[in-house]
Amino acid sequence: MTGRAGGAGRTDGRTGRVAVVTGAARGIGAATVLALAEQGWAVLAVDLARDDPALPYPMGSRAELDAVVDAANRTAGEVSAYVADVRDPAELAAAVAEAERRWGGLDAAIAAAGVIAGGAPLWQMPPEQERAVLDVDLGGVVNLARAAIPALLRRPRPRSGRFLAVASAAATRGLPMLAAYCAAKAGVAGLIRALGAELGGTGVTANAVSPGSTDTPILAESARLYGLPAADSFAAQQPVHRLLDPGEIAAVLAFLAGPGSSAMTGSVVPVDGGLAL
Ligand SMILES: NC(=O)c1ccc[n+]([C@@H]2O[C@H](COP(=O)([O-])OP(=O)(O)OC[C@H]3O[C@@H](n4cnc5c(N)ncnc54)[C@H](O)[C@@H]3O)[C@@H](O)[C@H]2O)c1
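First, a word on what this report is: a plain description of the structure on this page. All values derive from a computational prediction rather than experimental measurement.

### A short note on the site of the ligand
Part 1 of the reasoning: Neighbouring the ligand are 31 residues, the closest being Ile28, Asp47, Tyr181, Thr214 and Thr216.
Part 2 of the reasoning: In this structure, Gly60 approaches the ligand through a main-chain N or O atom, which is 2.8 Å from an oxygen atom.
Part 3 of the reasoning: Gly212 is positioned with one of its backbone polar atoms (N or O) 3.3 Å from an oxygen atom of the ligand.
Part 4 of the reasoning: The fraction of the free accessible surface of the ligand (820 Å²) that becomes covered by protein chains is 98%.
Part 5 of the reasoning: A per-element tally of the shell around the ligand places helix H6 (residues 217-225) first, with three residues.
Part 6 of the reasoning: Across the shell around the ligand, the residue classes break down as 17 nonpolar, nine polar and five charged.

### A closer look at the packing of aromatic side chains
Part 1 of the reasoning: Applying the stated rule across the entire model yields one aromatic pair.
Part 2 of the reasoning: With a centroid separation of 6.4 Å and an interplanar angle of 70°, the aromatic rings of Tyr226 and Phe234 are classed as edge-to-face.
Part 3 of the reasoning: It is Arg102 that lies over the ring of Trp103; its NZ or CZ is 5.7 Å from the centre.

### Thoughts on the nonpolar core
Part 1 of the reasoning: By size, the foremost hydrophobic cluster in this structure holds 54 residues, and its most contacted members are Leu55, Leu106, Val133, Leu144 and Phe163.
Part 2 of the reasoning: Those elements giving two or more residues to this core turn out to be strand E1 (18-22), strand E2 (42-47), helix H3 (89-103), strand E4 (108-111), helix H4 (127-154), strand E5 (162-166), helix H5 (179-199) and strand E6 (205-211).
Part 3 of the reasoning: Examining the composition of this core, we find that eleven residues originate from one element, H4, more than from any other.
Part 4 of the reasoning: Excluding residues that lie within four positions of it along the chain, Val133 makes contacts with Val115, Ile116, Ala117, Met125, Leu138, Ala180, Tyr181 and Ala184.
Part 5 of the reasoning: Ala24, Val43, Val209 and Val271 belong to the second largest nonpolar core, which has 34 residues in total.

### What to know about H5
Count 3.6 residues to each turn of an α-helix, and residues three or four apart come out pointing the same way.
Part 1 of the reasoning: Its 21 residues give H5 an end-to-end C-alpha distance of 30 Å, which sits within 8% of 30 Å, the value for a rise of 1.5 Å per residue.
Part 2 of the reasoning: Those residues of H5 not exposed but buried are Ala180, Tyr181, Cys182, Ala184, Lys185, Val188, Ala189, Leu191, Ile192, Leu195, Gly196 and Leu199.
Part 3 of the reasoning: Packing partners of the buried residues in H5 comprise H4, E5, E6 and strand E7 (267-271).
Part 4 of the reasoning: Taken from the residues just after H5, Gly200 is the one with a positive phi, measuring 45°.

### So, the sheet that holds E4
Part 1 of the reasoning: Judged by pairing direction, the sheet is parallel, and its seven strands sit side by side in the order E3-E2-E1-E4-E5-E6-E7 without closing on themselves. Both outer strands of the open sheet, strand E3 (78-83) and E7, are each paired with one neighbouring strand and no more. When the angles between neighbouring strand axes are averaged without regard to direction, this sheet yields 20°.
Part 2 of the reasoning: Here E4 runs beside E5; their pairing, made up of four bridges, is parallel.

### A look at H3
Part 1 of the reasoning: Relative to the 21 Å expected for 15 residues at 1.5 Å per residue, H3 spans 21 Å between its end C-alpha atoms, a close match to the ideal helical length.
Part 2 of the reasoning: The inward-facing, buried residues of H3 abut E1, E2, E3 and H4.
Part 3 of the reasoning: Two or three places before Ala90, at the start of H3, stands the capping residue Asp88, its side-chain oxygen 2.9 Å from that residue's backbone nitrogen.

### Considerations on the packing of H3 against H4
Helix-helix packing is characterised by the crossing angle of the two axes and by the distance between the axes.
Part 1 of the reasoning: As a packed pair, H3 and H4 sit with axes 9 Å apart at the nearest point and diverge in direction by 30°. The angle between the axes of H3 and H4 places the two elements in the roughly parallel class. Once H3 is placed against H4, the crossing between them reads as right-handed. Side by side, H3 and H4 meet where Pro89, Leu92, Ala93, Val96 and Glu100 of the first sit next to Gly140, Asn143, Leu144, Ala147, Ala148, Ala151 and Arg154 of the second.
Part 2 of the reasoning: Partitioned by chemical class, the residues of the contact of H3 with H4 number eight nonpolar, two polar and two charged.

Conventions and cut-offs
Residues numbered from 1 in each chain as written. Predicted model: local features only at pLDDT ≥ 70, side-chain atom pairs only at ≥ 80, totals over all residues. Heavy atoms only, no water. Near = heavy atom within 4 Å. Polar contact = N/O pair within 3.5 Å; in protein donor to acceptor, adjacent residues only side chain to side chain. Areas by Shrake-Rupley, 256 points an atom, 1.4 Å probe, with all protein chains shown as cover. Helix = DSSP H or I, 4+ residues; strand = E, 2+ residues; numbered from the N terminus. Nonpolar A, V, L, I, M, F, W, Y, C, P; charged D, E, K, R; others polar. Phe/Tyr/Trp six-rings, centres within 6.5 Å; stacked < 30°, edge-to-face > 60°. Lys NZ or Arg CZ within 6 Å of the ring centre and 35° of its normal. Core = buried A, V, L, I, M, F, W, Y, C linked by side-chain atoms within 4.5 Å. Buried < 20%, exposed > 50% of the residue type's maximum accessible area, 1.4 Å probe, protein only. Contact = heavy atoms within 4.5 Å. Expected span 1.5 Å × (residues − 1). Pairing = 2+ DSSP bridges. Axes fitted to C-alpha atoms, helices over the stretch in contact; angles between N-to-C directions. Parallel < 35°, antiparallel > 145°, perpendicular 65-115°, else oblique. Left-handed = near helix turned anticlockwise from the far one by under 90°.

Structure follows, in structure tokens:
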């Protein structure tokens, strides 16, 4: 399938499309890997896959990443695990190179890796936690854009390359005790708008989703930071009166990753059960 941007006429259930997804070991990233694989994508599933000493809650593990890959490989897709830290531009460049080497090109890069910290006003937040939030949640998206967009542009015209990021309802709301997180997510929204304009008529687009409260370990950590008994406590604030499932965010990301989203660029799409209303 070298150099193919489409894949029409395949008979093996594959689309011929290739993605790199960060934050793939669990939560929204894992659900996105599965959604793409079910649609027949080849996916490099990237995660730190070890704990971050700056943060007091566990990251996704290597075992979780391998389990996602195993489940995805039982669908129409072809998925491989790749350990990288999104804060390291060289590691992301190597991940993109690996996807191109394995599958002949890149059609979508999805930045889902993220961390949360706070629970105190910004000026009282441990500096290493503030740094982790800004460097992973904003720096990691910038790093993926820098590594992946040239690969998306290496596909021959007519292209349908997709750079996608996971922002947050926190991009547009001032959430107390989460100032660094809000700053990083607002930065992601601004980055996506600018990339959409920069990519112009290349056929490559840039879009983001802004999830509301979604049932993943980040939300459990947010509940802890606010002194709430459990993540369920966030359901009442959301107009749909429930937490979202990671698969519901992944469904929108999988649509945005496909050729059918061609009219959208620079969009930051709320997928939030009405949270930002
Ligand atoms: N869950 C929610 O309510 C919610 C709401 C809005 C936005 N988001 C965003 O969704 C994205 C996915 O979060 P989630 O809810 O699935 O959380 P999660 O904690 O379940 O998953 C995050 C994944 O990112 C990985 N990761 C962390 N640091 C990394 C690094 N430096 N390099 C590579 N991988 C790293 C973790 O190991 C983990 O597997 C994040 O960007 C988060 O900010 C989540």
